[in-house]
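Structural features, examined
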Amino acid sequence: MATKNFEVIIVGGGISGCALAYTIARYTDIKSIALIEKYEDVSTLNSKGTSNSQTIHAGDMETNYTLEKAHTTKRTSKMIERYCLGHGLQNDVIYSHQKMAFGVGEKEVEFLLHRYEEFNQLFPYLEVWDKEKLKELEPRLVYDQNGNERPEEIVGVGTRDQWTTVDFQKLSKSFIKEIEKEDVEFEIFLNNEVKDIEKSGKRGYVVKTLRGNFYADFVATDAGAHSLFLAHRMGFGHNLGCLPVAGSFYMTNQKILNGKVYMIQNPKLPFAALHGDPDILADGNTRFGPTALVMPYLERFKPGTYMDFWKTLRFDTDIVKALWKLLKESDIRNYLMTNFLYEVPVLNKYLFLRAAKKIVPGLKMDEFEYADGFGGVRPQVLNKDEQKLMLGEASIFTGEGLIFNMTPSPGATSCLGNAERDVKYIVKYLGKNFDQEHFNDELTEGEYCVLPAPLESQKAVVNLIRAEIARTHEKYMQDTIHNAPDEEFWNAPHSKLK
Ligand SMILES: Cc1cc2nc3c(=O)[nH]c(=O)nc-3n(C[C@H](O)[C@H](O)[C@H](O)COP(=O)(O)OP(=O)(O)OC[C@H]3O[C@@H](n4cnc5c(N)ncnc54)[C@H](O)[C@@H]3O)c2cc1C
């Protein structure tokens with residue numbers, strides 16, 4: 001049983017806890033850190049490669065991000081890249097794949113072209129790929145099972161030369177290995193569940209675990225959905241409830257996509273739209289998903305967390321109102337219902353095939369299976385005061401020596417960014433120092449406010465695609481000149497066509 005006092009205890013050894021421990025050890029003058037993890041190893045839950053989509057979400061493909069948000073996510077995602085490259089982790093922890101946001105049909109094509117024009121200064125590496133180019137780069141996006149071209153207009157906005165994919169469990173282990181090289185006292189306690197955190201009679205906090213009490217001046221909780229569970233036990237965050245949204249995947253039996261293909265995301269939903277990714281743990285076979293299913297467990301495949309779910313939801317009339325507001329939105333209602341059906345055996349494959357065919361029109365039933373044992377839980381947070389679902393991550397900064405972080409997607413990408421934020425708070429509270437310059441120097445590319453000039457050649461491609469769409473419309477008009485015009489046609493964004 002430990003009796004000594006640590007300056008900082010981190011509860012939860014997922015990617016967030018490991019990144020925070022590394023950031024403290026490398027960039028501050030804090031001298032003693034403990035990491036307490038419930039299971040036998042770090043990152044066996046949501047940060048494990050089979051639980052998440054392994055994607056670095058930089059903001060270039062995430063069509064629901066504003067330019068401002070993408071500016072932040074680009075900075076934090078680069079931290080992962082720079083850490084991995086700085087430690088020679090290429091093709092072991094970090095991988096480079098082709099990736100694109102993919103639009104189908106006139107509206108989506110125009111949306112992506114417009115987005116490209118807005119975002120290409122922040123992401124100057126983006127390219128615009130029309131149908132002809134896609135035949136070469138991702139043929140399965142273009143052809144159906146009979147080898148015919150799909151009839152709709154399509155476009156991809158993507159890149160072939162970025163670091164895109166990470167095994168976040170391996171990254172967690174690398175953080176731990178690197179801490180051991182630092183001049184800091186660091187202890188990791190595995191197989192040890194934190195049951196309670198209490199204010200100590202003398203100073204700081206007592207962290208009560210299954211294997212005894214630990215003492216710290218500061219406690220940072222990075223325990224996923226259980227962060228809120230522990231916060232509630234201490235009397236914090238009672239205005240928040242947790243809605244665990246499980247995500248499952250479907251795996252193909254061979255590589256059918258060369259890279260990552262992301263669909264356009266509904267901005268009302270906090271979940272990534274359906275995408276196909278080469279799985280680095282399955283020989284590059286394509287993993288489609290994730291789905292989204294609200295379930296009464298805080299951890300996937302762990303029925304023992306059923307009671308914790310009810311305690312963390314804090315079910316009351318405000319939760320009912322928040323859920324009612326959510327379900328009133330037809331987009332959300334339909335999305336949740338469809339995703340529920342994706343978990344119903346037999347039926348799920350048919351329904352999923354229909355959805356995935358938007359990406360791969362020639363996908364066949366015998367090419368993929370429900371990926372058993374894959375998937376994780378996104379701890380989405382419900383704000384009871386505002387009676388609404390919070391779209392991203394949530395943290396409780398208590399104003400004392402405690403932080404509680406809940407990190408749904410893309411929490412793995414932002415682990416070092418979140419650690420930077422938390423470290424600033426921790427050193428301020430403890431009267432210690434954070435070497436921001438050293439951090440920036442090693443992990444960031446600097447600021448992105450001075451943007452490079454737009455790429456004229458790519459703008460020309462955008463306008464060529466628009467001209468092609470305009471020609472199709474003109475032909476359509478000539479063909480239907482004697483008939484009633486089609487509704488869809490008049491809804492098309494003519495005004496934007498050049
Ligand atoms: C289907 C899906 C797809 C995703 N795809 C992506 C993606 O492509 N890119 C991306 O960036 N993000 C993605 N995410 C999100 C990402 O996986 C999470 O944001 C990230 O893993 C969260 O890391 P964490 O360390 O905060 O939490 P976790 O990985 O959940 O780790 C929490 C840790 O705390 C431990 N713990 C819990 N309670 C206690 C306790 N009482 N005592 C001690 N330890 C405790 C747990 O055992 C666990 O190890 C995805 C998530 C899902 C579910």
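Above this note sits the structure.
Residues numbered from 1 in each chain as written. Predicted model: local features only at pLDDT ≥ 70, side-chain atom pairs only at ≥ 80, totals over all residues. Heavy atoms only, no water.

On to the site of the ligand, then. Surveying the vicinity of the ligand reveals 39 residues, the closest of which are Ser-16, Glu-37, Ser-47, Thr-407 and Thr-413. Take His-57: an N or O atom from its side chain is 3.4 Å from an oxygen atom of the ligand. In isolation the ligand offers 1000 Å² of accessible surface; the protein chains occlude 98% of this area. Breaking the shell around the ligand down by element, the ones donating at least two residues are helix H1 (15-27) and strand S19 (376-383). With three residues, the single largest contributor to the shell around the ligand is S19. In terms of residue class, the shell around the ligand is made up of 13 nonpolar, 21 polar and five charged. (Near = heavy atom within 4 Å. Polar contact = N/O pair within 3.5 Å; in protein donor to acceptor, adjacent residues only side chain to side chain. Areas by Shrake-Rupley, 256 points an atom, 1.4 Å probe, with all protein chains shown as cover. Helix = DSSP H or I, 4+ residues; strand = E, 2+ residues; numbered from the N terminus. Nonpolar A, V, L, I, M, F, W, Y, C, P; charged D, E, K, R; others polar.)

Next up on the list: empty space enclosed by the protein. Applying the stated criterion to the full structure yields four cavities of 30 Å³ or more. The calculated volume of the largest cavity comes to roughly 80 Å³. Every residue along the wall of the largest cavity is listed here: Ile-56, Ala-58, Asp-60, Lys-74, Ser-77, Lys-78, Glu-81, Lys-99, Phe-123, Tyr-125, Gln-162 and Trp-163. In terms of residue class, the lining of the largest cavity is built from five nonpolar, two polar and five charged. (1 Å grid on protein atoms, 1.4 Å probe; cavity = no way out; pocket = protein on both sides within 12 Å on 5 of 7 lines; lining within 4 Å. Points joined across faces, edges and corners; volume = space filled by probe spheres on them.)

This part takes up the sheet that holds strand S17 (residues 293-294). In space, the four strands of this open sheet follow the order S17-S12-S19-S20, with antiparallel pairing throughout. Each edge of the sheet is formed by a strand with only one pairing partner; in this case those strands are S17 and strand S20 (388-389). Here strand S12 (residues 240-247) runs beside S19; their pairing, made up of eight bridges, is antiparallel. Counted as the bridge partner of Val-245 is Arg-378 from S19. Most of the contacts of helix H7 (residues 306-313) go to S12, to which it runs at about 135°, and overall it touches S12 and S19. (Pairing = 2+ DSSP bridges. Contact = heavy atoms within 4.5 Å. Axes fitted to C-alpha atoms, helices over the stretch in contact; angles between N-to-C directions.)

Here we take up the nonpolar core. By size, the foremost hydrophobic cluster in this structure holds 45 residues, and its most contacted members are Ile-24, Tyr-83, Leu-171, Phe-175, Leu-416 and Ile-426. Elements supplying a minimum of two residues to this core: strand S1 (5-11), H1, strand S2 (32-36), helix H2 (67-86), helix H5 (168-179), strand S11 (212-221), helix H11 (415-430) and helix H12 (436-443). With nine residues, the top contributor of residues to this core is H1. Counting 42 residues, the second-largest nonpolar core is a separate cluster that includes Ala-34, Leu-313, Ala-394 and Met-406. (Core = buried A, V, L, I, M, F, W, Y, C linked by side-chain atoms within 4.5 Å. Buried < 20%, exposed > 50% of the residue type's maximum accessible area, 1.4 Å probe, protein only.)

Here we take up H1. Counted at 1.5 Å a residue, the expected span for H1 with its 13 residues is 18 Å, and the 18 Å between its end C-alpha atoms agrees. Most of H1 is tucked away: 12 of the 13 residues are buried. (Expected span 1.5 Å × (residues − 1).)

Before going further, it helps to spend a moment on a nonpolar patch on the surface. A cluster of nonpolar residues, Tyr-306, Met-307, Trp-310, Phe-315 and Val-320, forms a patch on the protein surface that exposes about 510 Å² of accessible area. With three residues, H7 is the single largest residue contributor to the nonpolar patch. Within the fold, Trp-310 resides in helix H7. (Patch = residues over 30% accessible without salt bridge, like charges linked within 9 Å, V, L, I, M, F, W, Y side chains within 5 Å. Salt bridge = Lys/Arg side-chain N within 4 Å of Asp/Glu carboxyl O.)

On to the side chain of Glu-138, then. Residue placement: Glu-138 occurs in the loop between helix H4 (131-137) and strand S6 (154-159). Although buried, Glu-138 forms no salt bridge, and the nearest oppositely charged side chain, Lys-255, lies 8.2 Å from it. Ignoring sequence-local partners within four residues, the contact set of Glu-138 consists of Gln-98, Met-100, Ile-256, Leu-257, Asn-258, Gly-259 and Val-261. (Lys, Arg positive; Asp, Glu negative; His and termini not counted.)

Spatially, the eight strands line up as an open sheet ordered S5-S6-S4-S14-S15-S16-S13-S18, and their pairing is mixed. The outermost strands of the open sheet, each flanked by one partner alone, are strand S5 (127-129) and strand S18 (368-370). Here the average twist between neighbouring strands, direction ignored, is 25°. Inspection of the sheet shows strand S13 (residues 250-252) paired to strand S16 (residues 286-289) by two bridges, in the antiparallel sense. Each residue of the ladder has a partner; that of Met-251, found in S16, is Arg-287.

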